Each structure stands twice: as C-alpha cells, then as structure tokens.
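Listed here are the chains, written in short residue letters.
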Amino acid sequence: MADGQFVIIDGNELSFEEGETLLQVAARADIEIPTLCYDERLSPAGACRMCLVEVEGSRLMQPACSFKATGGMVVRTQTPKVERNRRFLLSLHMADTEQDRERAEDANPSRIFDLADVHGTAGCFPKVEQKRSGRPQDVNKFIEFRPERCINCSLCTRYCEQIEAVSAITLAGRGAETTISTADAKSLTDTTCELCGGCVAVCPTGAMTEKPALAYGKPEKELEKIRTTCNFCGVGCQLDLNVDREANRIVKATSPPPGTTVNDGSLCVKGRFANDFVHHEERLTSPLIRQEDGSFREASWDEALDRVVSGLQGIADRHGEDALAFISSSRCTGEENYLFQKLSRAAFRTHNVHQCAAT
Amino acid sequence: MTNSIPEIRDADFLFVTGSNTTEAHPIIAMEMKRAVARGAKLAVSDPRAIWLTEIADWHMQLKPGSDVWLLNAMAHVIVTEGLEDREFIERATENFDSVRETVLRYPPEEAEKHTGVPAEMIREVARAYAGTKKAGIYYTLGITEHTTGTDNVYALSNLVLMTGHLGVRSAGMNPLRGQNNVQGANDAGATPVFYPGYQSASDPDVRDKFSKAWGVEQSSNPGLNLNQMMKVLGTDLKGLYLMGEDIVISEPNVGRVEEALNHMELVVVQDIFFNESCRFADVILPAACYAEKDGVFTNSDRRVQRVRKAVDPPGNARADWQILKEIMDRSGLEQPDYQHPAEIYAEMASLAPKFSGISHERLNADPKGLQWPVETPDAPSTEYLHKNGVARGKGLFQAVDYRPPFESADPEYPLVLSTGRTLYHYNAATQTRRSEGLSGKQPECFVEVHPRDARRLGIEDGQMADVVTRRGRVRSRVMVSRQVRRGAIWMPFHFPDTKTNALTTDAGDAVTGTGEYKVCAARLEPRTEEQPEQVFPGAYAAIRV
C-alpha cells in the first residue's frame, strides 16, 4: 500500500496500491460495481460501459475497470446518474441481443438479465437490426457462436489471446458489423484453436455456447451442478458436471469461477468436452464370465465375485500368494487404491500390487 | 511437485524439460504462458519443437536420450563460473564434491557434440537458471521414460540443489503427474514398496503396525513392481487382477505381454469398457466411472480434492470400492461395513501420518482442496515442500555419468522413435476416442517425420508407412513435420488400431524398471493404402461379446 494514499469510494476511505483500478479497490471493500466485459485475469477492455462511475472533478463518468486510482480521488458508484446509465445500457444490450429472458437463456445464463434484476432497465427499446455475421459452416463439434447474442465485449477474444494464448478467434469487421471470427472465417478445427471452450466460459450472454448442450436442449439454469475433480491429467482441475437429474444424464461440464480453484476458471478440451464416455452405449453393464468356448456370458454379481475369489484362492493354494498380481489404476479414487492394496496385502498377503505410476 | 501449480504464474524462470505441457497438462501450460507474458524467461529442452518453443527464449533441441550430457553440462557451467549457491550447499546438502568432480568432465563444447545443442545456448540457460531466484524445473515422462530415467532425475535434482532452488516459492523440482490420481494411488500404497503414506514395506515395524491394524500377519516377501510383473506374467505369476488398467495398450513391447497373458490361470478385469485387456479375461467386472461415485483424487501438487457422484452408473455396474469390499468379505477378510468412501479415507488417514489431518469433511469445506502433508485436523495446506529445510535432513547430491540409450540408430534401423501423448486423446483413449468431437479432430494415429528424412525415403505427407522396430511393425499415416529433429520420428500411443507399443522397448531403468518409451531404433517403409497390413506378432484371443 502506498503510504497515506487513499481514495474515497461511496464515502469509504480506501487505501490502494499504485496502478490499481477503481474496480479492484472497490472489490476489496466489497463495493460491487456491475460489469459485463471484465475478467480479473484479463487486461480491461472498457467496452461494455456498465462500470461507469462518477469521479469528482471529471465531467464524464469513468470506467472503473480501467480507471486508475489516485490519491484523494472521490468516487461515487451508486448515484442516480450512474444507475440511469446502467439501466439505459442494459436496455440497449437487450435490444441488440435478446429481450425475452427465456429465449436469451435457452442454453447459458445471461449476465445482462442478472444485472437487470439488480439495477432494472430503461424499458424496451426498438430491436437493433442484426448485422454481425456468424460462421454457420464451422464444423467443429464443440463450440457454437451465435452472433445475434454477441455484445462485442471481447472477453472471448481476450481470453483466447491472453490465457490460452492461441489467438484463434478475433474481433473482425467494423462498426455495427464487428463480430467474432477466425482467420478467413475458417472452422475452429482448422485454426490454432485447441477447443478449450474458455470462450464459452467467459461469455456473458451465451453467444458462445456448447454445441452438444445446445443440441440437448435444456437450459443450464435447469441443470444441477455437481462439483468434482476432472478425471484426465494430473492438474486436478475442478469442474461442475451439469446434470439433468430426471434423465440421469451429464449434459455438460462448466468451470468454476476464476480465483476459486486450482484451475482458475479454465478447463481444457478434455475436461470440458470429453465426458461423452460416461453415457456411452459400450459401457459395461453386467459382470461377464468366459465360457468353455471362449465367449462371454452375462452373470450375476454373486456368481462373478465367487468366481474371482475362488480363482484367486485356488492360485494362492497351488502356487503361493506371490503368484498373484494386483494392478490398480491412477484413474480410480484414493479410497479405492487404498482398498485395493489392502485386498492384496491383507486378504492375499502379497506385496505384488502396483499401478501405472511405474512409467 | 515440490511446489504448487498456482505458483507458476509468479515464476521468473521456467525450465521445461521432457514435458509437452500444452498437450499433456494444458492448464499448467496456461500458467506458464501467463508467467512468460509477465516477463518470465522460458527454456525448453525437448527433441521436438513443441508448442511451448514458440514462446520460449531458448529451445535446446537435444538428441533423444542425451539428457545427462545436457544437464551435466549446465552443472559444469554453474560450478566453473562460480554460480552455485555455496551457502545453501553448505547448510542443506551433502556430497556436492562428487558431483562437482563428475560434471567437470562435461564441458559444453563436448556436450554440443553429444546433444546437438549449441554450447553457447547451454551456457546462457545455465547462467539464467542459476542467476534467478524464482526458477522452477518442470518435467514429465521425457525425463523418466528412459533406461537412464533415474539418472536424468538425479542430474536435474543436482541442478536444483547446487543453485538452492528448493524451499522457495515458484522454484523447486516439479514432476508433472500424468494422471488424475497417480499421486493419490501412490499415496494410498498401491505400490509394492510402500504402505499408505510412504511407509516402507521393508520396515518390520511398519509391517507390524499394519498386521495389527488389519488383523493379518503381513508378508515379508518383497513385492514386484509393474515392470517386473510384466516380465514374469504367465511364469511366476498365475493370477492377475486388473482394476482400471489396460496393459495391452499401455505397456511397452506389448506383443510379449499378450503372449504371456495367454498363459495365465486367471485374469480378472474390472473396468468401465470392454478394453483390449478384456480379450484375455476370465471374469469382467463392470465398474462405475468417476462421475458415478464419491471419493478423492490427489493431483500433481499433492492436492487432495473431492470426486462427487453426479449420476448413477449404468445397468449393474458398481463403484470399484463397493466391488473390492465384497471381494474382501468373500475372501474371509471381514471389512468394516463402509457406507461411504469418507469412512475408507478416515481408515487410511488413521494409518498414515502424512494425511492424518485430512478428511472428507475438511475437503468439502474448501474448494481448493488440501495439499499434504497435513498432519493434524487444524494444520493448513502445505503449498510447497522443504520450506523449513530439506525433508530428509540434507539434500543428497548424486553424481551421474552419461550412458547411451538401450538402442541407438544403426544401418538397419536408422531412425529413433519416441512416443507420447496428444492434446485430444488420453492414454489408452478408452474414454476420448468415444467422443465424436475429439475423434473428429484427431481420428487416427500418425507418425511425425522430418521433411528431409521423408524426402530421402520417398515418403509424402499423408501417405501410409510401416514403422518397424526389432519388436514389431505397425502401419500409420505419415505427418511430415519440422516438429521432429532429423533422424527422429514420433508417434502417439492412443490408438488401438495402431499399436504403437508393439514397437517400444521394455528395456527398463535399473532402479524403477520404467520402459524406454522415448528411445528405440526404428525404420520406415512407405506403403500404399491398398497393400495388406502385416499384423504384428502378438497373440490374439480376439473374442468379442
């Protein structure tokens, strides 16, 4: 903290570090300033204007996301003028995207409506004529861009450039035709895109959305989120499985908010999109026992478990317990690995237990 | 990892070696990208021009298997230029002199001949590494999957110790764990040498403790590790219980493994899919996947986190813990009537001091999980290790000399094959190839070949070719790419139709037994799509349900 350096926000004297923005200082004091295009991991764009606040001595309102605090600055975040701007902007964004909440949130939740719940709107404006183009020919299976819902906040392009660092998508076109596109409007699969879906995670309006979930057709708000740990590599990303409880089905995976877990709001293509296997038709659903002729038949758990136990015991009796080997998996849980080595060491008295950590 | 994933973004120097981080650990790579964007220096040592080399300050494109030469030469620069941390060496380590003596025989100019990395680059990287306080080493299987894997790790840890990059935030020695719970499986004692919590199985006191806890006298016979098991399948070993592991895809020299599996008296496979190993099974038990059960995974930075049941398993499939409990009960080893994995975790924690302060209850309360060691219920997470001095008392320097890989290129097999992972698939691809989107992005196996080698062999991009080693022959599409060095080829191992591991050698590291997946001698034979494929010599019991 700079010595004796304070700003006054809504009457609160707050200390700050050199270079901090008003938004950062306010957030530390739990003063909420609404934003649509801000993400703490990204450089501010100042595009959505939702965070405009009054700064004493400044004729115009200033964007809190990029306006730096300086000593003695007096800031007001909840004046009638500030609130009027917020309501006006929200009406404008709705006119530019979608004015019916149910339609707006047919897949992903919309922050525009969340903010409207808090700040209200300035009424229904005439619909803005749609000029942004999409990429309907994009053949990738995971990420859909719906241009009519885009507000050009550039969260997706900044995420792609600054966090995933592949710069596959970019703002393209000019003026009202500005849209999100790729080089030569190619399919994402033909660009540097790694299909991480970070663009979907940061999108405040649902313009970027998950194709498989869109096809499934149930809004995210009606799904139950179960926090769990990804089952692929060793990073241990936390993710929320979005479950349609009635259908016993995982519809999609979403990333927890930035700053809350080890993955800081990100997921990779596997964590976000590779859960199809859970409901795959080839899942094993019944114990199987090999028959004399070499083929398998379905069996009851009782029969299969007895066959396993008598088989293992028979070998232990004939050849000794060290003729058994137990190979577990780093894909299974800690508790299961504990039980597995206990099975080996306590039930069959052998230390022949290992897993793929050998490589 | 001695350090934590979130520390990476604050590092000032990253030495990434034998890790294709953007593909194998994408989210850790994002942290590295953030560090570089902030101004951190990045040195990559890898035979391939992996993505990270695009943003690296240095790419040391070494010959596969020449790591000890490179790392010892870096140490040479550090000791001859007086860049070592004398105070740390004096206070916290032992045996430095033997390493000093050894690395003096590895001057950068000689190293250039063996590794192909310019001497001046070796010097620059060594100076930058030694001269930066927050300098971390990040490595993966490119270091360990060699017959000299242990030597490579020692050579790296010598660098860490001589520069005092230990017990410091954003520094340290960081093996990036390849699987969701590989750390947790070891933590839980699924390894022949350790009981849960790294308590030695060769220590009679430890065995006594577990004999009492479990009510069964513990065997004093040493156990076999996975690589040793593979070598005595069907001979010393007669019964095999596989839980969630498809050895027929993942083990090196897989032709021999398949042959041996035919000589087993009992093979039990417990899995979520009918995998390749199921072809040799006598009994198959259907298991629940991660989304269908409760428990914990422990990630690469020792972080224990919850896994939660989201949906019910299909049909009659059951969670692995439920199956195992049944089997123990039926084997005559009566188990507590576990109703939930939280009770199993509590039993393990009561027997393993490193985790004794961890419980499901605590994990549920903290979305960031708990990093062990956590020895009491109110102890905090351990962000990085060795903060209060080296854990074993003194950091032990281990002098290592270069040894060549098990196989080198020769006139008959003039190329060097390395294998690895891609972003879009995962290991045996049991899960990922069942995703339409992923399979669409990367539908089949490929072999990367340098343009000059391709031209010399008359092979074109996209053409089919047989990759042949002393152990097998597989057909794959050719991807002509400058990603590989001349003389080197590279293949992923995810595709069951292209058994890459029929090619790899099971010659193992002397200490760990880990197979040398990263180096074997190979040749390429161009083929057309029409030419019949010669099946590699492995036994097929190809019986489908």
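Residues numbered from 1 in each chain as written. Chains lettered and ligands numbered in written order. Predicted model: local features only at pLDDT ≥ 70, side-chain atom pairs only at ≥ 80, totals over all residues. Heavy atoms only, no water.

Draft legend 1. Just the overall build of chain A, in detail. Scanning chain A from terminus to terminus reveals ten helices and 16 strands. At 27 Å, chain A has a C-alpha radius of gyration far larger than the 21 Å of a compact globule built from 359 residues. With the C-alpha coordinates aligned to their principal axes, the bounding extent of chain A is approximately 90 × 55 × 35 Å. Of all 359 residues assigned to chain A, the portion counted as buried reaches 59%. Of the contacts made within chain A by residues no fewer than 6 positions apart, 58% connect residues no fewer than 24 positions apart. (Helix = DSSP H or I, 4+ residues; strand = E, 2+ residues; numbered from the N terminus. Rg over C-alpha atoms; globule rule 2.2 N^0.38 Å. Buried < 20%, exposed > 50% of the residue type's maximum accessible area, 1.4 Å probe, protein only. Contact = heavy atoms within 4.5 Å.)

Draft legend 2. Region of interest: the interface of chain A and chain B. Taken residue by residue, the interface counts 115 residues in chain A and 146 residues in chain B. Summed over both partners, the interface of chain A with chain B buries about 11,200 Å², with 62% contributed by carbon and sulfur atoms. On the surface where chain A and chain B come into contact, there are eleven salt bridges. A salt bridge links Glu292(B) to Arg283(A); the shortest N-O distance between them is 2.8 Å. Viewed at the interface, chain B and chain A are joined by 74 residue pairs in polar contact (both at pLDDT 80 or more). In terms of residues, the side of chain A that touches chain B owes the most to one element, helix H9 (residues 301-319) of chain A, which gives 14 residues. (Buried area = accessible area lost by both parts, 1.4 Å probe. Salt bridge = Lys/Arg side-chain N within 4 Å of Asp/Glu carboxyl O. Polar contact = N/O pair within 3.5 Å; in protein donor to acceptor, adjacent residues only side chain to side chain.)

Draft legend 3. Spotlight on the layout of surface pockets. Residues and elements named next belong to chain A. Space inside the second largest pocket adds up to approximately 1,200 Å³. As for the second largest pocket, its lining consists of 39 residues, of which Tyr-38, Arg-111, Ala-201, Pro-257 and Pro-258 are closest to the centre. Of all the secondary-structure elements, those providing two or more residues to the lining of the second largest pocket are helix H1 (22-28), helix H4 (111-119) and helix H6 (198-202). Broken down by element, the residue count for the lining of the second largest pocket peaks at five residues, all from H4. In the lining of the second largest pocket, the residues fall into 20 nonpolar, seven polar and twelve charged. (1 Å grid on protein atoms, 1.4 Å probe; cavity = no way out; pocket = protein on both sides within 12 Å on 5 of 7 lines; lining within 4 Å. Points joined across faces, edges and corners; volume = space filled by probe spheres on them. Nonpolar A, V, L, I, M, F, W, Y, C, P; charged D, E, K, R; others polar.)

Draft legend 4. The arrangement of the side chain of Gln238(A) in detail. Structurally, the position occupied by Gln238(A) is in strand E11 (residues 238-244). Assessed through its relative accessible area of 3%, Gln238(A) is described here as buried. At 3.1 Å, the side chain of Gln238(A) and the side chain of Gln305(B) are in polar contact. When neighbours within four sequence positions are excluded, Gln238(A) is seen to be in contact with Arg227(A), Thr228(A), Thr229(A), Pro256(A), Thr261(A), Asn263(A), Leu267(A), Gln305(B), Arg306(B) and Pro367(B).

Draft legend 5. Up close: helix H7 (residues 119-131) of chain B. A rise of 1.5 Å per residue sets the reference length of H7(B), with its 13 residues, at 18 Å; its end C-alpha atoms lie 18 Å apart and thus fit the reference within 8%. Taken together, the buried positions of H7(B) are Ala119(B), Ile122(B), Arg123(B), Val125(B), Ala126(B), Ala128(B), Tyr129(B) and Ala130(B). (Expected span 1.5 Å × (residues − 1).)

Draft legend 6. Main features of the sheet that holds strand E13 (residues 303-307) of chain B. Residues and elements named next belong to chain B. As summarised here, the arrangement of the three strands in space is E12-E13-E14, forming an open sheet in which the pairing is antiparallel. A single partner strand is all that each edge strand has here, and the edge strands are strand E12 (295-298) and strand E14 (370-371). Direction of pairing for E13 relative to E14: antiparallel, over a ladder of two bridges. Pairing of Arg-303 across the sheet is with Gln-371, part of E14. (Pairing = 2+ DSSP bridges.)

Draft legend 7. Region of the structure containing the pairing of strand E17 (residues 446-449) of chain B. Residues and elements named next belong to chain B. Neither face of E17 is exposed, since Phe-446 and Glu-448 on one face and Val-447 and Val-449 on the opposite face are all buried. Across two bridges, the pairing between E17 and strand E20 (residues 488-492) is antiparallel. Directly across from Glu-448, in E20, lies its bridge partner Trp-490.

Draft legend 8. A look at the sheet that holds strand E16 (residues 353-354) of chain A. Pairing is mixed across the open sheet formed by seven strands, whose spatial order is E14(A)-E13(A)-E11(B)-E10(B)-E9(B)-E15(A)-E16(A). Two strands lie at the open edges of the sheet, namely strand E14 (296-298) and E16 of chain A, each paired on one side alone. Examined bridge by bridge, strand E9 (residues 239-243) of chain B and strand E10 (residues 266-271) of chain B share five bridges and lie parallel to one another. Residue pairing across strands places Leu240(B) opposite Val267(B), the latter belonging to E10(B).

Draft legend 9. Region of the structure containing the domain arrangement of chain A. Residue and element names in this part refer to chain A. As far as domains go, chain A holds domain 1 (6-78), domain 2 (143-279), domain 3 (288-316) and domain 4 (320-359). Each of domain 1 and domain 2 has a C-alpha centre, and these two points are 29 Å apart. The partner domain 2 presents 16 residues to the eleven residues of domain 1 that form the contact. Taken together, the two surfaces of domain 1 and domain 2 that pack against each other cover about 1,000 Å², and 58% of this comes from carbon and sulfur. (Domains from an automatic or database assignment.)

Draft legend 10. Region of the structure containing the domain arrangement of chain B. Residue and element names in this part refer to chain B. Here the domain parsing of chain B yields domain 1 (5-176), domain 2 (179-221 + 288-377), domain 3 (224-286) and domain 4 (415-527). With centres defined by C-alpha atoms, the gap from domain 3 to domain 4 works out at 23 Å. Counting residues at the interface gives 17 residues for domain 3 and 18 residues for domain 4. Summing the contributions of domain 3 and of domain 4, the shared interface buries around 1,400 Å²; its carbon and sulfur component is 53%. Area buried by domain 3 at its contact with domain 4 is led by Ile-249, Pro-252 and Asn-253, which between them contribute 39% of it. Between domain 3 and domain 4 we count two salt bridges in total. The partner of Glu-276 in a salt bridge is Lys-499, and the shortest N-O contact between them spans 3.3 Å.

Draft legend 11. Inspection of the nonpolar core at higher detail. If you look at the biggest cluster of nonpolar residues, it comprises 92 residues, and the most contacted ones within it are Ile143(A), Met208(A), Leu241(A), Leu14(B) and Tyr290(B). Considering every element that reaches this core, the biggest residue donor is helix H2 (residues 26-38) of chain B, with six residues. Apart from residues no more than four positions distant in its own chain, Met208(A) is found in contact with Asn108(A), Ile143(A), Glu144(A), Phe145(A), Cys156(A), Ile169(A), Ile180(A), Cys199(A), Val200(A) and Cys203(A). Ala188(B), Val206(B), Val268(B) and Leu351(B) belong to the second-largest nonpolar core, a separate cluster that totals 59 residues. (Core = buried A, V, L, I, M, F, W, Y, C linked by side-chain atoms within 4.5 Å.)

Draft legend 12. Highlighting empty space enclosed by the protein. Residues and elements named next belong to chain A. Within the structure shown, the criterion is met by ten cavities of 30 Å³ or more. Here the largest cavity is characterised by a volume of approximately 100 Å³. Cys-160, Ile-169, Cys-193, Cys-196 and Cys-199 are the residues nearest the centre of the largest cavity, which is lined by 16 residues in total. At the level of elements, helix H5 (155-162) and H6 are the ones that each hand at least two residues to the lining of the largest cavity. For the lining of the largest cavity, the element with the most residues is H5, which contributes three residues. For the lining of the largest cavity, the residue count by class is twelve nonpolar, two polar and two charged.

Draft legend 13. Spatial organisation of a positive patch on the surface. A grouping of Arg452(B), Arg455(B), Arg482(B) and Arg486(B) is seen on the molecular surface, where their side chains present a positively charged patch. Checked against the element boundaries, Arg455(B) lands in helix H19 (residues 451-457). (Patch = residues over 30% accessible without salt bridge, like charges linked within 9 Å, V, L, I, M, F, W, Y side chains within 5 Å. Areas by Shrake-Rupley, 256 points an atom, 1.4 Å probe, with all protein chains shown as cover. Lys, Arg positive; Asp, Glu negative; His and termini not counted. Charge placed at Lys NZ, Arg CZ, Asp CG, Glu CD.)

Draft legend 14. Structural detail: the side chain of Glu7(B). Residues and elements named next belong to chain B. Within the fold, Glu-7 resides in the segment before strand E1 (13-17). We note that Glu-7 is buried and unpaired, the nearest opposite charge coming from Arg-169 at a distance of 4.9 Å. Of note is the side chain of Glu-7, whose polar atom sits 2.8 Å from the side chain of Asn-3. If we ignore the near neighbours within four places in the chain, the residues touching Glu-7 are Val-168, Arg-169, Ser-170, Glu-383 and Tyr-384.

Draft legend 15. Molecular detail of the environment of His93(A). Residue and element names in this part refer to chain A. Checked against the element boundaries, His-93 lands in helix H2 (residues 80-96). In the structure, His-93 is positioned 77 residues away from Phe-16 in sequence and 32 Å away in space, judged by C-alpha atoms. Non-local contacts of His-93, meaning those with residues more than four positions away in its chain, are made with Leu-36, Cys-48, Glu-98, Ile-112 and Ile-151.

Draft legend 16. A look at the packing of helix H3 (residues 67-80) of chain B against helix H5 (residues 96-103) of chain B. Residue and element names in this part refer to chain B. In contact at an axis separation of 9 Å, H3 and H5 are set at 105° when each is read in the N-to-C sense. Between H3 and H5, the crossing angle belongs to the class labelled roughly perpendicular. Along its contact with H3, which presents Asn-72, Ala-75, His-76 and Val-79, the element H5 presents Phe-96, Arg-100, Thr-102 and Val-103. Considered class by class, the residues forming the contact of H3 with H5 number four nonpolar, three polar and one charged. (Axes fitted to C-alpha atoms, helices over the stretch in contact; angles between N-to-C directions. Parallel < 35°, antiparallel > 145°, perpendicular 65-115°, else oblique.)

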